[in-house]
2 protein chains.
Amino acid sequence: MHRTHTCGELTIADLGTQVVLSGWVQKSRDLGGMTFIDVRDRYGITQLVFNADDNAEMRAKARELGREFVIKVSGTVIERTNKNPKIATGDIEIKVSELEILNAAKLPPFMIEDETDGGDELRMKYRYLDLRRNPVRNNLVLRHKMAQEIRKYLDAQNFLEVETPVLIKSTPEGARDFVVPSRMNPGEFYALPQSPQTFKQLLMVSGFDRYFQIVKCFRDEDLRADRQPEFTQIDCEMAFIEQEDILNLFEGLVRHMFKNVKNLDIQDFPRMSYDDAMRLYGSDKPDTRFGMQFVEATDFVKGKSFPVFDNAGLVVGINAKGCASYTRKQIDELTDFVKRPQIGATGLIYMRHNEDGTLKSSVDKFFNEEELQKWAAAFATEPGDLVLILAGENPDKVRKQLNELRLEMGNRLGLRDKNKFAPLWVLDFPLLEWDEETERYHAMHHPFTSPKPDDISKLDTDPAAVRANAYDLVINGTEIGGGSIRIHDRELQSLMFKHLGFSPEEAQKQFGFLMEAFEYGAPPHGGIAFGFDRLVSIFAGLDTIRDVIAFPKNNSGRDVMIDSPSTIDDKQKVELHIKTTV
Amino acid sequence: MHRTHTCGELTIADLGTQVVLSGWVQKSRDLGGMTFIDVRDRYGITQLVFNADDNAEMRAKARELGREFVIKVSGTVIERTNKNPKIATGDIEIKVSELEILNAAKLPPFMIEDETDGGDELRMKYRYLDLRRNPVRNNLVLRHKMAQEIRKYLDAQNFLEVETPVLIKSTPEGARDFVVPSRMNPGEFYALPQSPQTFKQLLMVSGFDRYFQIVKCFRDEDLRADRQPEFTQIDCEMAFIEQEDILNLFEGLVRHMFKNVKNLDIQDFPRMSYDDAMRLYGSDKPDTRFGMQFVEATDFVKGKSFPVFDNAGLVVGINAKGCASYTRKQIDELTDFVKRPQIGATGLIYMRHNEDGTLKSSVDKFFNEEELQKWAAAFATEPGDLVLILAGENPDKVRKQLNELRLEMGNRLGLRDKNKFAPLWVLDFPLLEWDEETERYHAMHHPFTSPKPDDISKLDTDPAAVRANAYDLVINGTEIGGGSIRIHDRELQSLMFKHLGFSPEEAQKQFGFLMEAFEYGAPPHGGIAFGFDRLVSIFAGLDTIRDVIAFPKNNSGRDVMIDSPSTIDDKQKVELHIKTTV
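In this text the structure is predicted, and so the values were computed from the model without any measurement.

Remarks on the overall build of chain A
- Counting its regular elements, chain A contains 17 helices and 23 strands.
- A principal-axis box enclosing the C-alpha atoms of chain A has dimensions of 90 × 75 × 50 Å.
- Buried residues in chain A amount to 59% of all 582 residues.
- Within chain A, contacts between residues separated by at least 24 positions form 66% of all contacts whose residues are at least 6 apart in sequence.
- Split by element, the accessible area of chain A, about 23500 Å² in all, is 47% carbon and sulfur.
- The distance from the centre of the 75 positive side-chain charges to the centre of the 92 negative ones in chain A is 4 Å.

Below, the structure written as C-alpha cells:
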C-alpha cells in the first residue's frame, strides 16, 4: 500500500496513529541530530522527522534525499513542538520508522515554489514541473470545479450535454480553419470546428430543446497572450425562447458559479445597449468596476479658435477623480501613453480643478475661466479632479483612444480590483460591420444571428443601421460570452447570406443542410457561448488564459514540451494524398 | 412567451389552468366537428382539441396543420373523455383558444415515429429528423445522464478533470493518426490524439494524483459498425496506487452508473486471467452472461484412428445444454456457420446425449459407447445435451473458432439477454504480441505498460511469456475499458522501447519528453480508459455505437448530412504549405 493518508489531512486528532504517506520532498533541514523533511502531494504538506538517536542509518538516508525525490514513509503521528498555523497539518509531524525512495529526481531546472525563478520558456518546456507549483495547479483545480458547477446548474435546468463532431466541414466565413486531410476521401479535408454553431442549431431543429457542451474549439489565427489555437467554450442553445429568457437563465449560471465556487453574491447584471457602451466607454466591453464615463464636449468647446477642437469630429473626455495634483511628469506620461502608435492620439488636453477651486487647463490661451466653468459643469468636477480630453477627426477612433486612457487611469487609481466583479450585458449589437479589406459587410456575430424584426426593412437601404438580437456578457471589461437569437426561417437566412456576399450557389454548398433543415419544422431558438478559458482566468484573477490551460501552446502555436508540430513520414503524406511545398 | 409548460407535464391537477404550449405536430385526427392534434416536444405529448362549434375558423386552420409543423397554442386544461394511460398527460387535453404557426414543415422524408420507414442512409442524411425520434433521442439523454454520473462519482473520489490538448504530435506507434498541417510552422503537422496517454502520465508526474477526462479521441482506421473515426473515452489515471486500487475504484464507478442510471445492483465483478479467458472461452473478452465453457478433449480423443483428432493440435468443445433434439438441419446450419471463411473451421463434430440416456456422435465409427462415456463425463452432459467439438492444428485458431460457435449458440439459446449485465475483469495480459507483418513484437496495450516485476528478466529470453500489469473490463463480451500500471522509471521505459524495435534516437525523438519527465520524480501510477460510446451502447442495449452518437460518420468516414469531408480552396492549401496529389 502506498499510503493510508494524503499529505494534507493529518491533524492533532490523529496523534499516535500509524500512517503511511507518499509524496515529493519539498525541502529538508537539519537541526542537531534530527532531519526534518516536508513531504508534499496535491493535498498538502506534512513534516517528517528523522532522529539519529532512533535510527542513525535512516536519518543518514533522509539527509541524502534531494528536492522532488518521490518517497514513501511509515511512521507515527506525533505532536509538533514548533507548530505551523499556516498549514492544515501544522500541529503534527510524522516520526518516521520506514523510508523508501520510490523514485529519485534530478535537480529541477527551476524552483518548485509559489514564486519561481523559472522564465516563461523554461516553464513551458518543463510544464509538468511547472504544474507542480501551487498557483498553477490551483488554477486547474478551480477550472475543474467550475466545469462541475456549470454542468450541475445546466443539468438542473434540463439542458442535455451533447457531443458534436470535431471532424467537420471547412467554411470560408469567419477565422481560418484548421484542416485534416482525409485518407479515405482523396483530395478532401475535414475542418476542426471554430464552434459547434450549426450542429447546435440542428439539435434545436431536432427538438433537443436545451443543449450545452463544454467543448474544444479551434481557430488558426495569429496568437496573442489571450488566444490559443485550441480553446474551450461553454456552448449553449435553447428553443422556444426569447432574448430575455436567455439573459435570465445565464445570469443564473454566472451567479451560481460565483456563489458555489467563490462564495460571492453577484447582485446586479446591468444592461446597456451597444450604442451606449460605445458612447460612454468607447468599447463594446466596458470595464464597469469603475465609473469615469465619457463626457462629450464637442458642442461647447468649438469656436474658441483652438484648431484641435475646431477641426475635430469629436471632443470627448473623462473626469479622473482626485488627480488634480498630478505632476507635470505624470501628465507627460499620460500624454506619451495616448500618443503610443498602438493608441495613436495626437495629444492630450487637460484641466485641473484645483483644491482651492481654481480651474487650470493646458489650453488656457483659448479658454478663459468662464469657459472652463462650462467644462467643470459638464464633467461634474469637484476640487481635486482632473479632466482629460482627447479630440480627433474620426469619432470612433477618438472613443477607442479614450477607452485606453480610461482603463489606464483605472489601473493607476487602483480601480480595477481583481477581487471585485462587475458583469454587464451589452445588447442590440449591429448585425453587420463593414470590412475595409474585403469591401463588404461581415456578420458582426455570425451569419445565423437574427436581425431585429423592425430593422429587416433597412437591410437594403441602410445595412449598418440594422440591429441584431445579439448580446454579450462582459465581466470586468472582458467579453466572456456572446450569443444571439438565431434565424430559423429559410428565406431570412438566404437573405442574410445574400447580404454577406454569398452567391446562392455558395450559400447552398456551404450551408444548404442548415437551410434545408429549416424547412422541416425549425423552432424559434437562440443561444450563447462562453469562453471557458477566459472565465476561469477571471475567476483566478489572471490577465492571460495561458495559466488556466494545462498544456498551452506558445505564440508560434508550438507545444515546446512535446515539440509539436513536427514533420511526418513521407509514407503518411502519400496515404493522405498530400505533399508539403517546403 | 412561447410556453408556460412543456408538452410532458400537465396532469389532472392542472384542470382549468390557462396554458401556453409550443411544439411539433405529431399527428392529427378529425372526429365530428372536432380536430385533435398531438403536439410533441422533448418532454412528451399533449393532446389539443379544436372544436368547430367554438371557433370554426381556428378549427379549419388546425385541420391544415401538417406533420412536424411548429405551433404555439394557448388554451385551457380540460379532462379527457377517452383517457390514455400510456402517456403522462393522458388524462387531460387542451381546449385551444389561440393557434399560431411558428414554422411550417415540408413532409419529412421518413416517418418520425419510434418505428420508422427510413433506411440508414436517408436517416443519416436527415440526421436532425432522425434525432426527433424517441429511441434515438433517448440514447442521447442516456448518454448525458451517464456522463453526469461519471463526473459525479469521480469528483467525489477526488479526481480532477483536466483538458489535454487536441493538437499534439504524430507518433508512429499504434493506429494511423489524423494530422493537421501547421500554417505557422511550414512543413510540420499536428496530430489528433488517439488517446491522451502521455499527457495523463505527465499529470501524474505533476502530482495531480487523480485525473480524468471525458474526451474525444481519433483514429484513422478503416471503419466498421462499432468504430468511428472520432470516439469518446473516459480517460483516468491515478498515482501511488496498485492494480487492486484501480480495479476496486472503477468497479465502484460501473456499479454507481448501473445503480444511478438503470437502478440495477451489479453484485459481482469476477476476475479471470488472460490465459484462463483464452482457455475457457477462446477470447480475451468472454461473454459471461452464460457458461458453456470450453472443455479440452485432446487428451482423451486421440489414438482412436480418427485422423481429424489424431492430427489436431487441439480438440476442444462445448456442451450446448438442452440441444440434443437439434435436427439434422440445425446441426448442418452450425456446421456451415463454423465453416464460413471468416471463421474457417474445417468441420464440426457433435455428440448427442439423448433424453433416453444413449450417446450418439457424428463419429461413431471411431468412438464406441465406452469412449463416448468419457466425453459425457468430461463435458458433464445430462440427457438432452449436445456436445459440439472443433479440432485443428493451431490451438489459438481453434479456440477463436469455438468462441464464435459458443456466441452463436448463446444467441440461439437466448442466453445473451440485453437486460442482463455480466462484468468481468480480465487480468495478466501478455506484455507483447508478435506481429507477423512487421516481424517484430508490438506492445499489446501500449509501450507505457509495465511488465510484471518477476517477468522482466524474461524480456530477453522469452518475450512472449512476459506478463503485463494490464487489465480489461469486459461487460457481456464487449471490452469497455482497459488499462495498466505504467512504467515510471526511465531505464525500464528505454528497455521497453528497445524491445519494441525503437532505436535510441527514435525513442528520444518521439518520447524523449516523457522519459525526461521520469527523471524529475515520477510517482508509481496507473490508469484505465473506457470506451464511452460502447458503454452507452451497452446500457442502451444496442449492438453498434452509431446510435449513441449525435452526428456519426458512415463507413467511409463521411458525414453525409453536412457533406464532409470536402475540397478546400487552393488559397488555404498555399497558406498551409501543402498540395493535394489527386
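The structure having been displayed, the exposition proceeds.
Here we look at the sheet that holds strand β11 (residues 271–273) of chain A
All names here are of chain A.
- Read across the sheet, eight strands follow the order β6-β9-β10-β22-β21-β20-β17-β11 without closing on themselves; strand pairing throughout is mixed. Edge strands, defined here as strands with exactly one partner in the open sheet, are β6 (160–161) and β11.
- For strand β17 (residues 423–427) and strand β20 (residues 470–475), the ladder comprises five bridges, and the chain directions are antiparallel. For P423, the partnering residue across the bridge sits in β20 and is I475.

Let's talk about the relation of the copies chain A and chain B
- Taken as rigid bodies, chain A and chain B are interconverted by a rotation of 180° and an axial shift of 0.0 Å, the fit giving an RMSD of 0.1 Å. Here the transformation between the copies is reduced to the relation of a two-fold axis.
- A shared binding surface is used by both copies, with 100% of the interface residues of chain A retained as interface residues in chain B.

A closer look at the side chain of H446(A)
All names here are of chain A.
- Structurally, H446 is set in the loop between β19 (440–443) and α13 (458–461).
- A distance of 3.3 Å separates the side chain of H446 from the side chain of R486, its partner in a polar contact.
- Discounting chain neighbours no more than four positions away, the residues touching H446 are Q197, S484 and R486.

Notes on the pairing of strand β5 (residues 92–103) of chain A
- Bridge analysis of strand β3 (residues 44–51) of chain A against β5(A) gives two bridges, and the strand direction is parallel. Across the sheet, residue V49(A) finds its bridge partner in β5(A), namely K95(A).

Looking at the packing of aromatic side chains
- Scanning the entire structure with this criterion turns up 48 aromatic pairs over all chains.
- Summarising the aromatic geometry, the rings of W434(A) and Y441(A) are spaced 5.0 Å apart at their centres and angled 75° between planes, so their arrangement reads as edge-to-face.
- Aromatic side chains F159(B) and F250(B) sit 6.0 Å apart centroid to centroid with 70° between the ring planes, which places their arrangement in the edge-to-face category. You can see F159(B) sitting in the loop between α4 (134–156) and β6 (160–161) and its partner F250(B) sitting in helix α6 (residues 243–262), a full 91 residues away along the chain.

With respect to the domain arrangement of chain A
- Under the domain assignment used here, chain A contains domain 1 (17–103) and domain 2 (290–416).
- Centre-to-centre separation of domain 1 of chain A and domain 2 of chain A, based on C-alpha positions: 62 Å.

Re helix α14 (residues 490–499) of chain B
Residues and elements named next belong to chain B.
- Among the residues of α14, L492, Q493, M496, F497 and H499 are the ones counted as buried. In an axial view of α14, the angular spread of the buried residues amounts to 165°, which keeps them on one side of the axis. Within α14, the exposed residues directed more than 90 degrees away from the buried face are E491 and K498.
- Turning to α14, the residues buried within the fold contact β18 (432–435), β19 (440–443), α13 (458–461) and α15 (504–517).
- Where α14 begins, one side-chain oxygen reaches toward the backbone nitrogen of E491, 3.1 Å away; that side chain belongs to D489.
- Where α14 terminates, the next one or two residues include G501, which has phi positive at roughly 85°.

Here's the deal with the UniProt feature "binding site: L-aspartate" (unreviewed entry) in chain A
Residues and elements named next belong to chain A.
- Under the feature "binding site: L-aspartate" (unreviewed entry), the UniProt entry names E173, R219, H445 and R486.
- Topologically, E173 is positioned in the loop between β6 and β7 (179–181).
- With respect to the helices and strands, the residue R486 is situated in the loop between β21 (478–485) and α14 (490–499).
- A residue is classified by how much of its surface remains accessible, and R486, at 4% relative accessible area, is buried.
- Not counting chain neighbours up to four residues away, the residues in contact with R486 comprise Q197, K200, Q201, C236, E237, H446, F448, S450, H525, G526, G527 and I528.
- There is a polar contact of 2.7 Å between the side chain of R486 and the side chain of S484.

Conventions we followed
- Residues numbered from 1 in each chain as written.
- Chains lettered and ligands numbered in written order.
- Predicted model: local features only at pLDDT ≥ 70, side-chain atom pairs only at ≥ 80, totals over all residues.
- Heavy atoms only, no water.
- Helix = DSSP H or I, 4+ residues; strand = E, 2+ residues; numbered from the N terminus.
- Buried < 20%, exposed > 50% of the residue type's maximum accessible area, 1.4 Å probe, protein only.
- Contact = heavy atoms within 4.5 Å.
- Areas by Shrake-Rupley, 256 points an atom, 1.4 Å probe, with all protein chains shown as cover.
- Lys, Arg positive; Asp, Glu negative; His and termini not counted.
- Charge placed at Lys NZ, Arg CZ, Asp CG, Glu CD.
- Pairing = 2+ DSSP bridges.
- Least-squares fit on C-alpha atoms with pLDDT ≥ 70 in both.
- Polar contact = N/O pair within 3.5 Å; in protein donor to acceptor, adjacent residues only side chain to side chain.
- Phe/Tyr/Trp six-rings, centres within 6.5 Å; stacked < 30°, edge-to-face > 60°.
- Domains from an automatic or database assignment.
- Arc of directions from axis to C-beta.
- UniProt positions renumbered as here; feature names shortened; annotations may be inferred.

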